[in-house]
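An overview of the molecular structure
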Amino acid sequence: VAAESFTSVPVTWNETPGLLKEYADYHFIEGVTHNVFHTYTHNPQIDYLKPGTSFGATIGTPFLRGQTWWKHMNEFTTYLARCSYMLERGRAVSDVLWYLGDEYEHKPDQYYPFPVGYRYDYCNTDALLNRLSVTDGMWTTPEGIRYPLMWIPRTGRLHPETLERLLLLVRQGGVLLAEAPLGISTLANDANQQSRFRTALSQLWPSAANHVHKLGKGCVLSGMTIENALRHLGLQPDVQGIGNQWLHRQTEGADWYYLSAEQEATFQGNVTFHATGRAELWNPVTGQLTELPQHRQGEFTTVNLRLHQGESAFVVFRHGKPVTTFRTPETFRTHNLSEAQWQVTFPQGWGIEGTVSTNRLLPWKDLLSTAEGKAFSGTATYRTTLHLDAFSRKHRYVLQLGKVDMIAVLRVNGKEVATLWSEPYEADLSDYLQKGENTIEVDVTSTWFNRLAFDAAQPEADRKTWTIEGPKAGSALKSYGLLGPVTLKFN
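Residues numbered from 1 in each chain as written. Predicted model: local features only at pLDDT ≥ 70, side-chain atom pairs only at ≥ 80, totals over all residues. Heavy atoms only, no water.

1. Focus: helix α1 (residues 17-29)
- Between its first and last C-alpha, α1 extends 18 Å over 13 residues, near the 18 Å set by a 1.5 Å rise per residue.
- Extensive coverage of α1 is indicated by the burial of 10 of its 13 residues.
- Taken residue by residue, α1 has Pro17, Gly18, Leu20, Lys21, Glu22, Ala24, Asp25, His27, Phe28 and Ile29 as its buried positions.
- Buried positions along α1 lie against α2 (73-87), β14 (246-251), β15 (254-260), β21 (312-318) and β28 (407-412).
- Two residues or fewer after α1 comes Gly31, characterised by a positive phi angle close to 110 degrees. (Helix = DSSP H or I, 4+ residues; strand = E, 2+ residues; numbered from the N terminus. Expected span 1.5 Å × (residues − 1). Buried < 20%, exposed > 50% of the residue type's maximum accessible area, 1.4 Å probe, protein only. Contact = heavy atoms within 4.5 Å.)

2. A word on the pairing of strand β20 (residues 300-307)
- In this sheet, β20 lies alongside strand β16 (residues 267-273) in antiparallel orientation, the contact comprising 7 bridges. Among the inter-strand pairings, Asn270 is bridged to a residue of β20, identified as Asn304.
- Relative to β20, strand β19 (residues 295-297) runs antiparallel, the two sharing 3 bridges. By the bridge assignment, His295 is partnered in β20 with Thr302.
- Hairpin connection, β19 to β20: the antiparallel pair is bridged by 2 residues, and Gly298 has positive phi, about 65 degrees. (Pairing = 2+ DSSP bridges.)

3. Description of the sheet that holds strand β12 (residues 218-221)
- Spatial ordering of the open sheet is given by β3-β2-β7-β9-β12-β11, a layout of 6 strands whose pairing is mixed. On the outer flanks of this sheet lie β3 (120-123) and β11 (212-215), each paired with one strand and no other. For this sheet the average axis-to-axis angle between neighbouring strands, irrespective of direction, equals 25 degrees.
- In this sheet, strand β9 (residues 175-178) lies alongside strand β7 (residues 149-152) in parallel orientation, the contact comprising 3 bridges. By the bridge assignment for β9, Trp151 is matched with Leu177.
- Where helix α4 (residues 160-171) meets the sheet, it contacts β2 (96-99), β7, β9, β11 and β12, and its direction lies at approximately 125 degrees from that of β12. (Axes fitted to C-alpha atoms, helices over the stretch in contact; angles between N-to-C directions.)

4. Quick look at the confidence of the model for the protein
- Considering every residue of the protein, the mean pLDDT works out to 91; 95% of them sit at 70 or more.
- This model gives residues 1-10 a pLDDT under 50, and the stretch forms 19 contacts once residues within four places in sequence are excluded. (pLDDT = per-residue confidence, 0-100.)

5. Some thoughts on a nonpolar patch on the surface
- Together, Leu49, Trp466 and Ile468 give the surface a local cluster of nonpolar side chains, amounting to about 300 Å² of exposed area.
- Tracing the chain through its elements places Trp466 in the loop between α9 (449-456) and β32 (481-484).
- In this structure Trp466 comes out as partly exposed when scored by relative accessible area, which is 45%. (Patch = residues over 30% accessible without salt bridge, like charges linked within 9 Å, V, L, I, M, F, W, Y side chains within 5 Å. Areas by Shrake-Rupley, 256 points an atom, 1.4 Å probe, with all protein chains shown as cover. Salt bridge = Lys/Arg side-chain N within 4 Å of Asp/Glu carboxyl O.)

6. A short note on the pairing of β28
- In terms of residue burial, β28 counts as a mostly covered element, since 6 of its 6 residues are buried.
- The alternating pattern of β28 places Ile407, Val409 and Arg411 and Ala408, Leu410 and Val412 on opposite faces, both of which are buried.
- Where β28 lies against strand β31 (residues 436-445), 6 bridges are found, and the strand directions are antiparallel. If you follow Leu410 over to β31, its bridge partner there is Val442.
- Joining the antiparallel neighbours β28 and strand β29 (residues 415-420) is a turn of 2 residues, in which Asn413 adopts a positive phi near 50 degrees.

7. Some details on unusual backbone geometry
- Residue Pro51 follows Lys50 across a cis peptide bond; omega there is 5 degrees.
- Tracing the backbone through its elements, the reader meets Pro51 in the loop between α1 and α2.
- The backbone of Asn43 shows a phi angle near 50 degrees, a positive value even though the residue is not glycine.
- With respect to the helices and strands, Asn43 occurs in the loop between α1 and α2.
- Its identity is not glycine, yet Asn413 carries a phi of approximately 50 degrees, on the positive side.

8. Concerning the packing of α4 against helix α5 (residues 191-204)
- At their nearest, the axes of α4 and α5 sit 8 Å apart, and the two run at 35 degrees to each other. Where α4 crosses over α5, the handedness of that crossing is left-handed. Residues Pro160, Glu161, Leu163, Glu164, Leu166, Leu167, Val170 and Arg171 of α4 lie in contact with α5, whose contacting residues are Gln193, Arg196, Phe197, Ala200, Leu201, Gln203 and Leu204.
- Of the residues belonging to the contact of α4 with α5, the class tally is 9 nonpolar, 2 polar and 4 charged. (Left-handed = near helix turned anticlockwise from the far one by under 90°. Nonpolar A, V, L, I, M, F, W, Y, C, P; charged D, E, K, R; others polar.)

Here you go:
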């Protein structure tokens, strides 16, 4: 089964890797497993005004080396590679195979209100006639993808060979949810085809009053909704507690679920999976693997998850692996750095003189005084000092940057800790801190939007940026910078 999707959005010069990640996450959930960038704008000149020309003027995300965030592109593409690797391994797990019917329509609406906790795939006539079989009561593809139920929500008109194929596969053990078709899907006045159609029809749906018709090893369900059919078959939801923002894959020795928080909200709560084994959280942004506390009940396992707005993760169940008994976590103490004295350094040549000192983490448009300074786009460096009277390697120290627009490179005592480009903007500093004085540095990179909007209002000779299409003069400036609250948590 191949899945493809094309995303085109207006050029705003405000897209960030974090926003592009949300686009990618949405399509990963829909089953797209491989991303292709189309198109890269070369811009071969060295001494040109940045950001340079972009593909087209009204579509797409400007993907070019003149972007402010280009130096961090590896973080984003590594994330895509990790997700694609995981989503192309093993086989997909779904509950329902949706047959599109013989009167070809568009593929199902991706927003179709399908029962929460279940997944479906869909297939066409060629797959039904030539690729599907039934094994152990499961509709099965040659690749080994298995479905306990086939569903035809709109039977319409069907070919005789379609009914005959359904009849054969149901007799072999398949379960079909469908209403009797309205008629034959052909204009040919062929008595043989009409006879074949009526014969198969009478065997699949012998009586309108019989909603559960057993046929050979299988059965035909009718007169009921998909929800009622799933309940009748005793099929429990594959995932409970997080809506339908998930995808399930499986291989010998492991099950894994890709989950993504809704773009508008943070998720925290218990999630129950129809899988067992040692539960681990695999973070595709950082590559870190963490074992999760879990509660098992029969074939189901419950874990407590927290996903920030737009965050995604893999929950992996490794079969046959020992499960750790977790102690109750200690209460974290906090140290507020938002009102510490911060030194903010901007590059020269963009209307900002020297280093700005502040004890309030404000957007650059509010922190700086000149019109050109307020419109700064690029990278600024924040520095502050953290004093620790006591420090122990036995404790865990986590720095939370709060809101960042848009990318932060974090350094502690001169050593780079992490590049943070999506929620949550936090990092473990346990291996970098020391007793006494500690220097915290954060390089924050914005998009080009504010500077392009500023230059659009300037005479062409005074502009320091250039592109084909950008924000209009007078566009409201975005709130870029380290916005906090910045908090050190430790136990």
